[in-house]
Amino acid sequence: MPFRTALSGLNAASAELRVIGNNVANASTTGFKKSRVEFADIFATANLGAASNAIGSGVRVGDISQQFSQGNIGFTDNNLDLAISGQGFFRLSDNGLSVYSRAGSFGVDRNGFIVNNQDQRLTGFIADSSGNISGALGDVQLDTSDIAPQGSSRVSYGLNLDASASISAAPVTTSTFTLGSAGANPVLDDGDSPITATAMTLVDAYGQQVAGAQLQFTNTGGNNWDITMAGAGGSTSTASMTVGTTGSVTLAWDPDGAGGAQSSSNIDIDVSAITQITGGGNTDLSTSANGSVQGAFDLTDASTYNNSTSLTVYDSLGGANLATVYYRKTGIPNQWESYFTFNGNQIAGTQGNGSDLLQFQPDGTLSQINGNPTPPSSFTSATFNPGNGAANMSLTMDYASISQYGGGFNVNSLTQDGFSTGRLSGIDIDSSGVILARFTNGQSRTLAQIALANFSNSQGLTQQGDLNWAESFESGAALVGSPGSSSLGLIESGALEGSNVDLTEQLVNMITAQRNFQANAQVISTADTITQAIINIR
């Protein structure tokens, strides 16, 4: 009679209902993976197998298999909530024992370790003190200690100096010579010809001083004289005069010669007061010249510079200090002076006036710094003490991104490599599982990279409860790697993977299991009726 066969069917249907019930109960459990019942039929067999006309003896539960399909990902406001998009499991340390889970509800314990609600620690690839990810696996711990300050050593300037800017405190080019000393008119003794006047210092069109210039007077007969200039470099024209007749003459002076960049400038000489004698040797030719160099830089006087820019730099103790650079155009074409001040105190540059020189090409690109060709487009300031007990420091000024074009002065970027001390302000986790700590001083540091594990046969994992699985012989060894590598999925921070249970599917399966149970119960009822009929045969 089919009682045992029907009873096996009842047991199988009951097992399926229990599995369905467990799935439905965990429909809202984070990281839960549904199960399904896999049945197998039963045949009574001998050593040579079952007969071709053998009748089965019922059904049994062949396996309860986990279904590791992807659950829906929902976003949260906790960036330590993690979801895996794709294959893989979080690798957790349970007092040194490795377990695996898809549930990513994590927090931080009192020691800074990232843990789940069973105090199992998330493991990953640990970073060294420089933030480089190593291959060493360990428990991921958030370092909440303050980050040490770093003194500034390099400042990068991305700016444009206005090529059309006027010259601040502009120099005055020599344009006039004065003959004779105070209270005395100049005297020429034709017996002393040629006569060399006293030396003068001139100022050329670039504002540069030319020392040792001297007028020379040569008698050409009677009261006629030629005037030229020596010791002024370049070339000078010759002017002619007649004593007592000529009122003034003009010399054309080219400081760097006919092939030079400077053009000639005219110098006027008033010769109307010159007198001439013959013999006596009492020639009086004191001379002086007008002209002045560019006015001295004064950080308190905005008329002595064109532009300035400032940024905060840090000393070795993390103290904030104001570094300012002042720029002013010189009389030399495409040349600028830069003056560096630290907390309002000027730090001497390489030039005699305390500046550093920036020379540009006609196309507006930087060509020289302090007379040295670029690249490198940087120089290092003098060493100075920032005070407050901090160590001596110097700053490398990087001008790789400077230009001199028309269109005004503008600052495109100002960066420096120092920072003050900082406290942990937040954690960011990217899709590759890299955990980045953000600090209050604007710095960031890589702490670790989350490790994921995968298995050759995930369905062979042993269920441990609390949404955990353990490695088994059937699953194969854990294949540990970083998110996004090999077959491993990516990490979603601030998100959780929901259960992969489809309630509609489970309700349909429940109806099917119920009908199977009822049908097997009906088989027992029918078999009982037949048995009763046989018993009642007389």
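For the structure itself, look to the data block above.
Note that this is a predicted model, so its numbers are computed, not measured. (Residues numbered from 1 in each chain as written. Predicted model: local features only at pLDDT ≥ 70, side-chain atom pairs only at ≥ 80, totals over all residues. Heavy atoms only, no water.)

Draft legend 1. Molecular detail of the overall build of the chain. The number of helices and strands found in the chain is 2 helices and 43 strands. The globule rule puts the C-alpha radius of gyration for 538 residues at 24 Å, and the 48 Å found for the chain is more than 25% above it. The dimensions of the chain, computed from C-alpha atoms along their principal axes, are 180 × 50 × 40 Å. Expressed as a percentage of its 538 residues, the buried residues of the chain come to 41%. Nonlocal contacts in the chain, meaning residues at least 24 apart in sequence, comprise 59% of its contacts between residues at least 6 apart. Where the 18 positive side-chain charges of the chain centre and where its 42 negative ones centre are 31 Å apart. (Helix = DSSP H or I, 4+ residues; strand = E, 2+ residues; numbered from the N terminus. Rg over C-alpha atoms; globule rule 2.2 N^0.38 Å. Buried < 20%, exposed > 50% of the residue type's maximum accessible area, 1.4 Å probe, protein only. Contact = heavy atoms within 4.5 Å. Lys, Arg positive; Asp, Glu negative; His and termini not counted. Charge placed at Lys NZ, Arg CZ, Asp CG, Glu CD.)

Draft legend 2. Summary view of the environment of Ser444. Here Ser444 shows up in strand S37 (residues 444-450). Overall, Ser444 belongs to the partly exposed group, its relative accessible area being 44%. Along the sequence, Ser444 and Gly422 sit 22 residues apart, while their C-alpha atoms lie 9.8 Å from each other. Setting aside anything within four residues of it in sequence, one finds Ser444 in contact with Leu436, Ala437, Arg438 and Phe439.

Draft legend 3. Region of the structure containing the side chain of Gln66. Here Gln66 lies in strand S2 (residues 58-66). On the basis of relative accessible area, Gln66 is assigned to the buried category, the value being 5%. Within the local environment of Gln66, its side chain forms a polar contact with the side chain of Ser35, the two groups lying 2.6 Å apart. Leaving out residues up to four positions away in the same chain, Gln66 has contacts with Lys33, Lys34, Ser35, Gln459, Gln463 and Trp469. (Polar contact = N/O pair within 3.5 Å; in protein donor to acceptor, adjacent residues only side chain to side chain.)

Draft legend 4. Seen up close, the pairing of strand S25 (residues 320-329). Most of S25 is tucked away, with 8 of its 10 residues classed as buried. In terms of strand pairing, strand S24 (residues 307-314) meets S25 through 8 bridges, oriented antiparallel. Pairing of Ser310 across the sheet is with Thr324, part of S25. As consecutive antiparallel partners, S24 and S25 are separated by 5 residues, and within that stretch Gly318 has a phi angle of approximately 85°, a positive value. Both S25 and strand S26 (residues 335-342) contribute to a ladder of 7 bridges, which runs antiparallel. (Pairing = 2+ DSSP bridges.)

Draft legend 5. Structural view of the nonpolar core. Residues Leu202, Leu215, Phe217, Met229, Met241 and Ile269 are the most contacted members of the largest nonpolar core, which totals 26 residues. Only strand S12 (176-179), strand S15 (200-203), strand S16 (209-221), strand S17 (224-230), strand S19 (239-242), strand S20 (248-254) and strand S21 (265-270) provide two or more residues apiece to this core. Per-element accounting of this core gives the leading share, 4 residues, to S16. (Core = buried A, V, L, I, M, F, W, Y, C linked by side-chain atoms within 4.5 Å.)

Draft legend 6. Seen up close, the pattern of salt bridges. Tallied over the entire structure, the rule returns 9 salt bridges. In this structure, Asp143 engages Arg445 in a salt bridge whose closest nitrogen and oxygen atoms are separated by 3.2 Å. Highlighted residues: Asp143 in the loop between strand S10 (133-139) and strand S11 (154-162) and Arg445 in strand S37, separated in sequence by 302 residues. With a closest N to O distance of 3.4 Å, Asp398 and Arg154 form a salt bridge. Of this pair, Asp398 sits in strand S32 (residues 396-398) while Arg154 sits in strand S11, and the two are 244 residues apart along the sequence. For Asp398, a relative accessible area of 15% puts it in the buried group. Residues joined in a network through salt bridges with shared partners are Lys33, Arg102 and Glu497. (Salt bridge = Lys/Arg side-chain N within 4 Å of Asp/Glu carboxyl O.)

Draft legend 7. Broad picture of the packing of aromatic side chains. Tallied over the entire structure, the rule returns 15 aromatic pairs. Summarising the aromatic geometry, the rings of Tyr327 and Tyr399 are spaced 6.4 Å apart at their centres and angled 80° between planes, so their arrangement reads as edge-to-face. Residue Tyr327 is located in strand S25, and its partner Tyr399 is located in the loop between S32 and strand S33 (403-405); the two are separated by 72 residues in the primary sequence. Residues Phe340 and Phe384 carry aromatic rings whose centres are separated by 5.9 Å and whose planes lie at 65° to one another, so their mutual orientation is edge-to-face. Residue Phe340 is found in strand S26, and its partner Phe384 is found in the loop between strand S31 (378-380) and S32; the two are separated by 44 residues along the sequence. Each member of the pair, Phe340 as well as Phe384, carries the same accessibility label: buried. In textbook terms, an aromatic cluster arises when at least three aromatic residues are bridged by ring pairs, as seen for Phe68, Phe89, Tyr100, Phe455 and Trp469. A cation over a ring is seen here: Arg121 above Phe113, with NZ or CZ 3.7 Å from the ring centre. (Phe/Tyr/Trp six-rings, centres within 6.5 Å; stacked < 30°, edge-to-face > 60°. Lys NZ or Arg CZ within 6 Å of the ring centre and 35° of its normal.)

Draft legend 8. Representation of the pairing of S12 in the model. Every second residue of S12 is oriented toward a common face, the buried set being Phe177 and Leu179 and the non-buried set Thr176 and Thr178. Bridge analysis of S12 against S21 gives 2 bridges, and the strand direction is parallel. Along S21, the bridge assignment pairs Phe177 with Ile269. Here S12 runs beside strand S23 (residues 287-289); their pairing, made up of 3 bridges, is antiparallel. Residue Leu179 lies in a different strand from S23, and its bridge partner there is Thr287.

Draft legend 9. Representation of helix H2 (residues 503-535) in the model. Over its 33 residues, H2 runs 48 Å from end to end, which matches the ideal 48 Å to within 8%, given 1.5 Å per residue. Buried residues of H2: Gln506, Ala513, Asn520 and Ala527, and no others. In this structure, the buried residues of H2 make contact with helix H1 (3-25). N-cap assignment for H2: the residue whose side-chain oxygen lies 3.1 Å from the backbone N of Thr504 is Asp502. (Expected span 1.5 Å × (residues − 1).)

Draft legend 10. Spatial organisation of the sheet that holds S21. The strand order S18-S20-S21-S12-S23 describes an open sheet built from 5 strands, whose pairing is mixed. At either end of the open sheet lies a strand with only one pairing partner, and these are strand S18 (235-236) and S23.

Draft legend 11. Molecular detail of the side chain of Ser152. Within the secondary structure layout, Ser152 lies in the loop between S10 and S11. Here Ser152 falls in the buried class, since its relative accessible area comes to 4%. A distance of 2.5 Å separates a polar atom in the side chain of Ser152 from a polar atom in the side chain of Gln416. Not counting residues within four places of it along the chain, the set of residues in contact with Ser152 comprises Val313, Tyr314, Met393, Ser394, Leu395, Gln416, Asp417 and Gly418.

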